[in-house]
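Examination of the molecular architecture
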Amino acid sequence: MKSPRGTGTSLKNFPLFGPVAAIVFGFLYIPLVFVVGYSFNSNRVVTVWKGFSLEWYADVLTNDDIQRAVINSLRVASISTVLSVIFATGLAIGLLRMARAGKTAAWSLIMAPLVIPEIVFAIGTLALFVQIRFPLGVDAITLAHTAFCIPFALLPIRARLRSVDLTVYEAAADLGANEWVIFRRITLPLLAPGIVAGALLAFIISLDDFIVSYFLAGAGGTTLPVYIFGMIRNAITPGVNALSTLLLLVSVVIVTVSYIIARRRR
Amino acid sequence: MKRWKNRRQSGILLAIGLTGIMALSACGGETTVGGGASSAAASSAAGSEAASPEAPAGDFPTPNGGELNLYNWTDYISPDLLKRFESETGITVNLDNFDSNETMLAKLQAGGANYDVIVPSDYMVAQMIELGLLQEVDPASFPNGQYIKPEFMDVYFDPGRTYSAPYMYGTTGIAYDPTKTGGEITSWAAFFDANSPAAGKIGTLNDQVEVIHAALRATGAQPCSTNREDYVKVEELLAGWKPGVAVINSDGVIGRMASGEQTMHMMWNGAFTRAQADNPNLQYVYPAEGITLWSDNFAVPVGAQNVDNAKIFINWMMDPANIGEATNFVGYDNGITGSSEFMTADLGANPAVVIPDEFKALATPVPGCSVEAIDLYDQVWTNFKK
Amino acid sequence: MARRSTSGRAGQGTWWAGLPGLAYLVALVLAPLVIIVIFSFLSRAKLGVGVKWEFTVQPYVELFYSESLSGERSFDPTYLQIFFNSVVYSLITAVACLVLSIPIALWIATRPPKWRTLLVFLVTIPFWTSLLIRTYAFVIILNDNGPINGALTGLGILSEPIPMLYTPFATIVGLVYSFLPFMILPIYASAERFDFRLAEAAYDLGATKGRVLMRIVLPAVRPGIIAGLILVFIPALGSFLAPELLGGGKTSMIANVIAAQFGASRNWPFGAALSVMVLVIVMLALVAFAVVARRSSRRGSQQSLESLL
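Treat the numbers as computed from the prediction; the structure is a model and nothing was measured.

1. Here we look at the overall build of chain B
Check the secondary structure of chain B and you find 15 helices and 13 strands. In chain B, which comprises 386 residues, the share counted as buried stands at 53%.

Here's what the structure looks like:
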């Protein structure tokens, strides 16, 4: 139904939406700009600008405890990512073939970590580990992270799986390939972009997590967000900003990479 | 053709990604990695440490690398001091923080008991001994045990020092800035006054025990009272006071008082001296109703992984020179003789650190409350924090 | 997308593939929840962490009643108050997010397609950054010495900085900021599916822009709005960081109280009971969502949810 005025450019602008959109965009980014900006403040008091300096970055990068926290975070995130992606891939395939009743139950279980307030999940896993006398620390955190990374890893994989043309399987089967070969040489490569996307998401989610890590941390098991939280509660210096900026950088890079991969797929 | 090429690309990407992830995990390894060259020594030493049996009685362990997991109050030990310990002994120190005795106890009991050295306050040491949470490492028999001050030897919570070694001692009083608040604060009653001149810029420790001790004193009762009437008055007092309280947080008090973010704060005396260094206007008050004289101690929890290193650390910290350096950083006096030689003159002359004679009677230790009293404390504190 | 009904299912894997994942989730998600429910009916361990294995409904009683210091049990609205506050803060947050999101979502949806993906990507980036950092940003911004107060006093509008930090206001601002992308994305997803030519047709036929907005566009993006409201309300309800860092330890939402029970307060059964109550509220919210969503396009809301990823 064509507008008599041409190809529909007349209603592109609702009153005020443009300016409000700009303001909201600003609102989304300006706080982060402040965080990054003040990280270069040479003054101890974060919000009172005294001069440009990289000393806080030097401070932060040479701090032993921070290095340990970073390594813990990376270790937890890596292992959680690998495990959750493996579980999620299996789940994606399994879900496609599940009967109705089982499917709904499975979905509820999978989506549960997203729906349950994270504090409940955190104390629940704490209670679980205490009950079975599993020591708190990096391993406990990894196990918990894997669980709530599964839904994040699953969604891109599942979306990818559902877009696969089923005739490919029939053709392969007709040509005599068995299940495992088909999985390895057809399904997996076809799923690869979804798996990569899922892995990147799981990685960021694990890296950025605070509350679960906070409750499950044990001796020497502090992760970076928990460490930053301690810094914020203790003494707010531009060091906190420097550390936050670095974490932001990692998240942005990962998201951008994920986005670029996704675009190539379309 | 195109589809095949894309598949290869993504396959390669996936392989690189997974390889990178595996490599990172391998870097993490078994032990947590500390900084510097000691990490290689640490990994091998940690292995041998776990395998070898406890040093025979009478023989004090010698440093052999490895790790030490230290659980301490936030900002309560000099980073430079720890670095010196690390270079002198080759032991890597992993430091985690807590903000109150109860937080530490909760974490330990929940299974985080793989800390090697913890820093409980006097009443908490008593509680932990009772709960069977501490190892009897007998610090008094350590080489440097001879330096424990006589008045710190047979303390109510650990007579003969078989479980704990003294670290710092201090008082919990009031810090305020008279130039901002006007008037003079000399009592807990004034601190908790609903119409206080500092209202809106008051801060307090996030510490059930300290706050309610003080509130009881302010209403004329004694800490650890089991009389319900007293607590009714305390509740009223706190309820009236709360609107003027800006922050309930034990961490970061120094920064907030130094910058003027708060103008009155319940504060530990040593932390006060550090804030005062940045903001000379600040004053420390010994309230007329009395204050808590607490002492913090090193102890080794049951379940510690590196007991030998724990002993080495505690012994090292009982050396007057080392604890003297610690005192200069945190601003408290300590329980080791001879350390006063290493204390800076400023600190030694500061009335907040060395209690002036006229206030000596006001500062008394408060042993842990009975279970009944703790219940009441819990109730009042929960309602206060609502 | 050719998807014939598949009689021969060779090569597509079996449902067994999902078993490891399900088993893991049962162990690490279901078991904790079950334990929490069980703990909520147990007794508090004296002076200790954990529970005493004695059945009691005391934790639930404590939700509503407290023993006054004179020994009488009376109805105590303290915790109900905290629940109520949490719900109110979350609702305010959801509505604020809605008001801010509709313009931007609709604006993006009406840009040329090439721009849209980029703009959505720009909205997505903050979504994937750490919640802790986003909350911390406002600790700096709302500070007495922060940029807002600095600007206001510098321009002479104020003589003294206004204390904005450590107030409920700060908490809500932090919540809104944290969850804004959760609202923008679903609404945008709905808006993208809407054929704007319908709106244009109405416009050409004489309707004012306002009427077109209210009577055609908004109803069409309703599934997105509903999805967004739920995606903001539920996590906001369980929010810990914003009230903790921005509320100054004074503005307690339910997550802070629960955290305290498992921390220094050491009252696990009570913390478990609080958690069960939160779960109940969340379930109710989800049921409400399901009911309302059923009335709108079913596909729309589901796609809105999936659009986040």
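2. Quick look at the overall build of chain C
Scanning chain C from terminus to terminus reveals 14 helices and 4 strands. Long-range contacts, defined here as pairs at least 24 residues apart, represent 70% of the contacts in chain C between residues at least 6 apart.

3. Notes on unusual backbone geometry
Peptide bonds are trans in most cases, and residues, glycine excluded, mostly fall at negative phi. The phi dihedral of Arg133(A) is positive, around 55°, even though this residue is not glycine. Note on placement: Arg133(A) falls in the loop between α5 (118–131) and α6 (138–162). One non-glycine residue, Tyr166(C), lies in the positive phi region at around 60°. Inspection of the secondary structure puts Tyr166(C) in the loop between α6 (147–154) and α7 (168–193). Judged by the 26 C-beta atoms lying within 10 Å of it, Tyr166(C) falls in the buried class.

4. What to know about the interface of chain C and chain A
Taken together, the contacts link 90 residues of chain C with 92 residues of chain A. Per-element accounting of the side of chain C that touches chain A gives the leading share, 16 residues, to helix α1 (residues 19–39) of chain C. Split into classes, the residues belonging to the side of chain C that touches chain A amount to 63 nonpolar, 19 polar and 8 charged.

5. A closer look at the environment of Leu245(C)
Of note, Leu245(C) is situated in helix α11 (residues 241–246). Note: C-alpha distance between Leu245(C) and Tyr136(C) (109 residues apart in sequence) is 7.4 Å. Setting aside chain neighbours within four positions, we find Leu245(C) in contact with Ile232(A), Thr135(C), Tyr136(C) and Val139(C).

6. Some remarks on the interface of chain C and chain B
How big an interface is tends to be stated in terms of accessible area lost as the parts join. Between chain C and chain B, the residue contacts involve 23 residues of the former and 28 residues of the latter. If you tally residues by element for the side of chain C that touches chain B, the top one is helix α3 (residues 78–109) of chain C, at 3 residues. When the residues that make up the side of chain C that touches chain B are grouped by side-chain class, the tally is 7 nonpolar, 12 polar and 4 charged.

7. With respect to the domain arrangement of chain B
All names here are of chain B. According to the domain assignment, chain B contains domain 1 (62–169 + 295–345) and domain 2 (170–293 + 353–384). Taking the mean C-alpha position of each, domain 1 and domain 2 sit 26 Å from one another. With 16 residues of domain 1 at the interface, the matching set in domain 2 holds 18 residues. The element contributing the most residues to the side of domain 1 that touches domain 2 is helix α5 (residues 122–130), with 4 residues. Of the residues assigned to the side of domain 1 that touches domain 2, the class counts are 8 nonpolar, 4 polar and 4 charged.

8. A closer look at helix α13 (residues 320–330) of chain B
Since the α-helix advances by 3.6 residues per turn, residues separated by three or four positions end up pointing in the same direction. Residue and element names in this part refer to chain B. Among the residues of α13, Asn322, Ile323, Ala326, Thr327 and Val330 are the ones counted as buried. Buried residues of α13 fall within an arc of 140° about the axis and therefore sit on the same side. Elements that come into contact with the buried residues of α13 comprise α3 (79–89), β6 (164–176), α11 (269–278), α12 (307–317), β12 (333–334) and α14 (345–349). After α13 finishes, the residue Gly331 shows a positive phi value of roughly 85°.

9. Focus on helix α9 (residues 209–220) of chain C
All names here are of chain C. With 12 residues, α9 should cover 16 Å at 1.5 Å per step; its first-to-last C-alpha distance of 15 Å lies within 8% of that length. Residues of α9 that are buried: Val212, Val217 and Ala220. Projection of α9 onto a plane perpendicular to its axis shows the buried side chains occupying an angular sector of 50°, all on one side. Of the exposed residues in α9, the ones pointing more than 90 degrees away from its buried face are Gly210, Arg211, Met214 and Pro219. Looking at the buried positions of α9, the neighbouring elements they touch are α3, α8 (196–204) and α10 (222–237).

10. A closer look at the confidence of the model for chain B
Of all residues in chain B, 84% have pLDDT values of 70 or greater, and the mean over the chain is 81. At the level of individual helices and strands, chain B shows its lowest average pLDDT in helix α1 (residues 2–28) of chain B, which scores 35, and its highest in strand β3 (residues 117–118) of chain B, which scores 95.

11. Remarks on the confidence of the model for chain C
Residues and elements named next belong to chain C. Averaged over every residue, the pLDDT of chain C is 83; the share at 70 or more is 88%. Summarising per-element confidence for chain C, the mean pLDDT is lowest in helix α14 (residues 298–307) (52) and highest in α1 (93). A low-confidence stretch, residues 1–8 (pLDDT under 50), is modelled with 8 contacts involving residues beyond four sequence positions or located in other chains. For this predicted complex, the interface confidence score (ipTM) comes to 0.86, while the overall pTM stands at 0.81.

12. Some words on the packing of helix α10 (residues 224–234) of chain A against helix α5 (residues 131–141) of chain C
Here α10(A) crosses α5(C) at 15°, and the two axes come no closer than 11 Å. In this view, α10(A) runs roughly parallel relative to α5(C), as classed from their interaxial angle. Crossing of α10(A) against α5(C): the hand is left-handed. Contacts from Pro225(A), Ile228(A), Phe229(A) and Ile232(A) of α10(A) reach α5(C) at Leu132(C), Tyr136(C) and Val139(C).

13. Considerations on the environment of Asp65(A)
All names here are of chain A. Structurally, Asp65 is set in helix α3 (residues 64–96). Classification of Asp65 as buried rests on a count of 20 C-beta atoms within 10 Å. Note: C-alpha distance between Asp65 and Tyr227 (162 residues apart in sequence) is 8.6 Å.

14. A few points about the environment of Gln109(B)
With respect to the helices and strands, Gln109(B) occurs in helix α4 (residues 101–109). In this structure the C-alpha to C-alpha distance between Gln109(B) and Asp375(B), which are 266 residues apart in sequence, comes to 19 Å.

Calculation notes
Here the residue index of a chain counts from 1 through its sequence in written order. Chain letters and ligand numbers both follow the written order, the letters beginning at A and the numbers at 1. Two thresholds apply to this predicted model, a pLDDT of at least 70 for residue-level local features and 80 or more for giving and counting side-chain atom pairs, whereas whole-chain, interface and lining totals are computed over all residues. Where helices and strands are cited, they refer to DSSP runs of H or I of at least four residues and of E of at least two residues respectively, numbered from the N terminus. Buried residues are those with 20 or more other C-beta atoms within 10 Å of their own C-beta, exposed residues have 12 or fewer, and partly exposed residues lie in between; C-beta atoms are placed from the backbone. This entry defines residue contacts through backbone-placed C-beta atoms, with two residues in contact when those atoms are within 7 Å. Note that Gly is not counted as nonpolar here; it falls among the polar residues with everything else outside the nonpolar set of Ala, Val, Leu, Ile, Met, Phe, Trp, Tyr, Cys and Pro and the charged set of Asp, Glu, Lys and Arg. For the domains described, the bounds stem from an automatic or database domain assignment. As used here, the arc is the angular range of directions from the helix axis to the C-beta atoms. Here, expected helix span is obtained from the residue count minus one, scaled by 1.5 Å. Confidence scores per residue from the predictor, reported as pLDDT, run from 0 to 100. Lines fitted to C-alpha atoms define the axes here, with helix axes fitted over just the stretch in contact, and angles between the N-to-C directions of these axes take values from 0 to 180 degrees. For classification purposes, an angle smaller than 35 degrees is called roughly parallel, one larger than 145 roughly antiparallel, one from 65 to 115 roughly perpendicular, and anything else oblique. The handedness criterion is simple: a crossing whose near helix is rotated anticlockwise from the far helix by less than a right angle is left-handed, and one whose near helix is rotated clockwise is right-handed.

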